[in-house]
Amino acid sequence: MTLRLFDTETRALRDFAPLAPGHASVYLCGATVQGDPHIGHVRSGVAFDVLRRWLLAHDYDVAFVRNVTDIEDKILNKAAEAGRPWWEWAATFERSFTWAYQQLGVLPPSVEPRATGHITQMVEMMQRLIDNGHAYAAGGDVYFDVRSYPRYGSLSGHKLDDVHQGESAGECKRDPRDFTLWKAEKPGEPSWPTPWGRGRPGWHLECSAMAEFYLGAAFDIHCGGLDLVFPHHENEIAQAKCAGDDFAQYWLHNGWVTMGGEKMSKSLGNVLSVPNVLKKVRPQELRYYLGSAHYRSMLEYSDTALDEGAAAYRRIESFVMRTQERAGEVTIGRWTDAFARALDDDLAVPAALAEVHGKVREGNIALDGGDLEGARAIASQVRAMLGILGVDPLDEHWTQETADASAATDALDVLVRAELERRQTARAEKNWAVADEVRDRLIRAGIEVTDTPNGPEWSLKAGQ
Ligand SMILES: Nc1ncnc2c1ncn2[C@@H]1O[C@H](COP(=O)(O)OP(=O)(O)OP(=O)(O)O)[C@@H](O)[C@H]1O
Ligand SMILES: [Zn+2]
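Source: prediction; values computed, not measured. By convention here, each chain's residues receive numbers from 1 onward along its written sequence. Chains carry letters and ligands carry numbers; both start at the beginning, A for chains and 1 for ligands, and go up in the order they are written. It should be noted that, the model being predicted, local features are given only for residues of pLDDT at least 70 and side-chain atom pairs only at 80 or more, the latter also being counted only at that level, while totals for whole chains, interfaces and linings use all residues. Remark: hydrogens and water are excluded; side-chain values derive from all non-hydrogen atoms of the structure.

Turning our eyes to something else, we now look at the coordination of the zinc ion (ligand 2). Expected angles at a metal are 109.5 degrees for tetrahedral coordination by four donors and either 90 or 180 degrees for octahedral coordination by six donors. Taken together, C29 (SG), C207 (SG) and H232 (NE2) make up the protein donors of the zinc ion (ligand 2), found 2.0 to 2.2 Å from the metal. Ligating atoms shown are N, O and S within 2.8 Å of the metal, or 3.2 Å for Na, K and Ca, and water is not included, meaning a site may look less than complete. For the zinc ion (ligand 2), the donor residues sit on a single chain with the sequence spacing C-x177-C-x24-H. Here C29 is found in the loop between β3 (23-28) and α1 (43-57), whereas its partner C207 is found in helix α5 (residues 203-215), with 178 residues between them in sequence. Of the two residues, C29 and C207, both sit in the buried class. Runs of E in the DSSP output that reach at least two residues are strands. Runs of H or I that reach at least four are helices, and both are numbered from the N terminus. Here the term buried applies to any residue with accessible area under 20% of the maximum for its type, exposed to any over 50%, and partly exposed to those in between, with areas from a 1.4 Å probe on protein chains only.

Here is the structure:
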C-alpha cells in the first residue's frame, strides 16, 4: 500500500515518494508565541502528529521540524502594552504551547528552532537573493522582488495582479506586491546586524531559512494551517526557490476549527483556550475530538460535538480496559488493512475511526459472549490503531500519572503496615501510650485506619 497525500500545489492526491528511501523530512509552521493557545492553534500539531506517526509506522526515519516564531509585530506590541520585555512574553507563551502539545500527547518535534536563533541563516539567504537579483535593500528594509520569480502564485493560484501581501505599504518598495524579508530597526525594538543595517526578520524568511538549515535544500513535506497558503507559504517558496533550493516536494494544509461558522480567532473573540476545554474533558478526549475530522475539513466546534467526541472515545477506552481486566494484558497488535487503507488515503481519519468503532462493537460482542481470547485479539488491534491516532488508552503518556500514583500507594502501604504491626504489638502488650501515638501520627498524616475482622485496613482521608 502506498501513502497518498493531497498536495496543495498540484491540487491532487499524489503517491508519497520520499527524496531519500527510508527517510521522511517534514517541516510544520509552528506558533507565533503571542498568547495562550486556543484549540484552533493546536489542531495542526495534532493533525500532523498523526502524519508523523503513520510515517513512522511505514518504517520511515522521520525528521520533524516545528518552529517557534518568537519575534513578530504582535509579540512586540502585546509585550509593550503589558509593559513586559518582548523575550519574556515570547518565552512565556512558548511554554503555554509546549504545555498544550504535551497535554495532547503530540510527540515532541525532532527539533523546535526559534526564529531568533537563526538570524545568521536568514542573513545568508538574503545575501543570496540580493546577489541573484531577487531581492533589494531599500531604506534599511530588504524586499523580495515578486516579479523576478515568474512562478509566483503557483501554490495559492493567486494572479500577480491580485496580490496583496497584507503588510504595510513599505515606502521604499519598488512594487506594492513585493514583500518584506527584513525590517529596518525601529527605536526600542530588538535588532540584529546585517550588511544592510540593523533590523529584524520578516516572518516568511524565518521558515525558509530554518527549513533549509535543518532539512536541506530539498525536503519532503511542508505542513501548516490553511490560512498560511497565502501569503506565508507562497513567499516561502519564492524565497527558497530563488535562493537555489528545490524546497518542499509536498504541501499539506489543515482546515480550521470554526465556531459560529467562522475561524476560531482571537481577533473575532470566538476562542476556547486549551486549559479551559481541559476543565470539561480529559486531554485524550480533546485530542480525539480535534483529530476525528479529516485534517482538511473545517471542524465546527460545539459543546455537544465535544461531548459526543469524548463519549465516543470513552466507548473505545472502556472496551480496551474491560478486556484488560477480564482477559489479561492487552499488548499492542497490528492495525487492520481497512485502517491502513484509510490512513494511506490522505490520512482519512474518519474512515479509520469507523473501522476502530466496528472492531470495538465486534470486541464487545466477543467479551459479552465469554470469548476472552477473541476480545483480547481485537483489543490488541484497537490499541495499535489508536496508537497511530495518538490516543491509545494504555499508552504510558495517558497512564503514567496513574502508574506513578499507584507506585506511591504501594510504597506507602509497606510503611503503614509496619506502623500498624507496631500498634498491634503495643496493644497486645497493653502499652496504650505507644498504640495511641501510632494512631495519632497516622491520623495527622491523613491516613484513616479501620479495624475489620481481617485485621486493620487503611485509606487516605478524602482530599489527601
Ligand atoms: N481556528 C483555527 N483553526 C485551525 N488553525 C488555526 C486557527 N487559528 C489559528 N490557527 C493556526 O495557528 C497558527 C498560528 O496562528 P497565529 O498565531 O498567526 O494566530 P492567528 O491565525 O492570528 O489566530 P488568532 O487571531 O486567534 O491569534 C497558524 O498556523 C494558523 O493556521
Ligand atoms: Zn512558516
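So, on to the domain arrangement of the protein chain. The domain limits used here are those given by an automatic or database domain assignment. Assigned domains of the protein chain: these are domain 1 (4-254), domain 2 (262-394) and domain 3 (397-460). Spacing between the C-alpha centres of domain 2 and domain 3 amounts to 40 Å.

Further remarks concern the pattern of salt bridges. Salt bridges, as used here, are contacts in which a Lys or Arg side-chain nitrogen is within 4 Å of a carboxyl oxygen on Asp or Glu. This model, assessed by the stated rule, comprises 35 salt bridges. Between K173 and E167 there is a salt bridge, with the nearest N and O atoms lying 2.9 Å from each other. The exposure class of E167 is partly exposed, given its relative accessible area of 26%. In this structure, a network of salt bridges that share partners links the residues D73, K183, E189 and R200.

Turning to the sheet that holds strand β12 (residues 262-263), a few remarks are in order. A pair of strands is considered paired only if DSSP assigns at least 2 bridges between the two. An order of β12-β11-β13 is seen for the three strands of this open sheet, with the pairing classed as mixed. Each edge of the open sheet carries a strand with a single partner, namely β12 and β13 (299-300). One ladder, built from two bridges, connects strand β11 (residues 257-259) with β13; its direction is parallel. For T258, the partnering residue across the bridge sits in β13 and is E300.

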